[in-house]
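# Structural features, examined
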Amino acid sequence: MKLAFDLSFTHTEGGWSAPGSWVGAAYPDVRMFTELAIAAERGGIDMLFFGDGTGIPDTWESSMDAAVRHGVQWPRQDMSPFVAAMAQATSRIGFGLTYSSTYMHPFYVARLLNSLDHVTAGRIAFNVVASGRLADAANYGHDGLMDHDARYERMEEFVEVCRRLWDSVEPGAIVADRETGVFADPSKVHRVDHDGAHFRVAGPLPAVPSPQGRPVLVQAGASPRGIAASAAFADVVFGLGGHLPSQVSHRTRLDEALVAAGRAPEDVGILWAIQVVLGETEDEARAKKERMTGSLPPEAVGAYLSYNHGFDFSTLPARFALAEVAEAITAAQATQAGFLQRLIAQRGEDAEMERTEFFDEGWRFATGYDQTIAGTPATVADELEKQFAATGSRGGFMVCNPMSMPSSLLDVVHLLVPELRRRGAVASDYEGTTLRENLLGA
């Protein structure tokens, strides 16, 4: 199995003050991230991952006050300069960066990631996202959300343009012949001349091919349209872990979509997002997990859920069926992924809930309490091996930090990884020098 670690929220949702958090340093001190990168590489983690959001959550009650007050999904920097710094302190670990195909332009992103792949010597992954958050939309001049399926159509064209740009300069194009004065071979540099539904790009990319040729492509859509997009281009998929029936269903649907797209299912793995709390004893791990209790007040939970779904949950009636909420979210062109998707999978669309119960469950989801595996390295490794086998033994896990940094990552590096190595469940060392070699074995 492959292991990635999610550093998207090192400080939000109360992480900045939790036990085990940094003392004497504050986000976004680049030294914090360099320290983590060195430790993660020493432990053999395949990739450090950075999700992104470009707006302050303001969907809840049409205000950003709750998010600012409690540090919900905010603040967040553009992590590309931080990755460049971390790369200089490491040599093997990969870095996943997130950019929105809904709002960004493919030429800019293709050029940026090509440059970062050079700076990191071939260790970049591009997490392509279709944005469904109102605060993000407003920062790019939009009054509302783009139609759900249209976001994925734009995403597929976005990736197509990026791939054509990355291929627009062939390997070996640079001749640099000092005797003849020829710098490059024009026959190996090609225009793109893309004219599609969403983008017009002439090309070529004014850059030389990067060490990997192109970044590793990652996608996380879980809706039918999102899975179709994953099947179209993803090298690796992110999936929501912690509920095995949903994981098995996701893997099955992805395999079917890959076959329909003419691709081999065994070539595309899923990294399941999980949270782990480790202790040298079961009692110690349980005590650590209980510290998560009460970390977010109700308005912070509401701000978190509303932002990540693109739907204002403060408008919920006193009692409702989950299907009614799903229909309202669909009508608003928002997303059902995450909390609501999990609730429906567990209880069914026709299940009814009280408003207070919905937010109680939302709190548990926001903190990751129910999805957190707590135990000794041996018991946690048992669970990971169980999930890995049940979902086809392709991919691995994206470990999220439910507690604080740097303690959460150091526990994984010093406690869990050695146990997985002892079992032969993870590689004893990096398989290559590029992320493509280490994460995909190619």
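Nothing here was measured: the structure is a model prediction, and the numbers come from that model.

Rules and cut-offs
Residues numbered from 1 in each chain as written. Predicted model: local features only at pLDDT ≥ 70, side-chain atom pairs only at ≥ 80, totals over all residues. Heavy atoms only, no water. Core = buried A, V, L, I, M, F, W, Y, C linked by side-chain atoms within 4.5 Å. Buried < 20%, exposed > 50% of the residue type's maximum accessible area, 1.4 Å probe, protein only. Helix = DSSP H or I, 4+ residues; strand = E, 2+ residues; numbered from the N terminus. Phe/Tyr/Trp six-rings, centres within 6.5 Å; stacked < 30°, edge-to-face > 60°. Arc of directions from axis to C-beta. Contact = heavy atoms within 4.5 Å. Patch = residues over 30% accessible without salt bridge, like charges linked within 9 Å, V, L, I, M, F, W, Y side chains within 5 Å. Areas by Shrake-Rupley, 256 points an atom, 1.4 Å probe, with all protein chains shown as cover. Salt bridge = Lys/Arg side-chain N within 4 Å of Asp/Glu carboxyl O.

## Quick look at the nonpolar core
- Ranked by size, the top nonpolar core spans 79 residues in total, and within it Leu-48 and Leu-409 carry the most contacts.
- The element best represented in this core is helix 6 (residues 148–166), accounting for eight residues.
- By size, the runner-up hydrophobic cluster in this structure holds 29 residues, among which are Trp-60, Val-72, Leu-340 and Phe-358.

## Some points on the packing of aromatic side chains
- Under the counting rule described, the total for this entry stands at 13 aromatic pairs.
- Centre to centre, the rings of Tyr-27 and Phe-33 are 6.2 Å apart; their planes meet at 75°, and the pair counts as edge-to-face.
- With a centroid separation of 5.3 Å and an interplanar angle of 45°, the aromatic rings of Phe-313 and Phe-358 are classed as tilted. Linking Phe-313 in the loop between helix 10 (298–309) and strand 12 (319–321) with Phe-358 in helix 13 (residues 355–367), this pair joins segments that are 45 residues apart in sequence.

## Considering helix 11 (residues 322–331)
- For helix 11, the set of buried residues is Leu-322, Ala-323, Val-325, Ala-326 and Ile-329. Looking down the long axis of helix 11, one finds its buried residues gathered within 160° of arc, a one-sided arrangement. Across from the buried face of helix 11, at angles greater than 90 degrees, the exposed residues are Glu-327 and Ala-331.
- If you follow the buried residues of helix 11, they end up packed against helix 10, strand 12, helix 12 (339–347) and strand 13 (352–354).

## Examining a nonpolar patch on the surface
- Together, Ile-174, Phe-183 and Val-208 make up a nonpolar patch on the protein surface, roughly 270 Å² of accessible area in all.
- Assignment of secondary structure puts Ile-174 in strand 5 (residues 174–177).
- Residue classification places Ile-174 among the partly exposed positions, given a relative accessible area of 37%.

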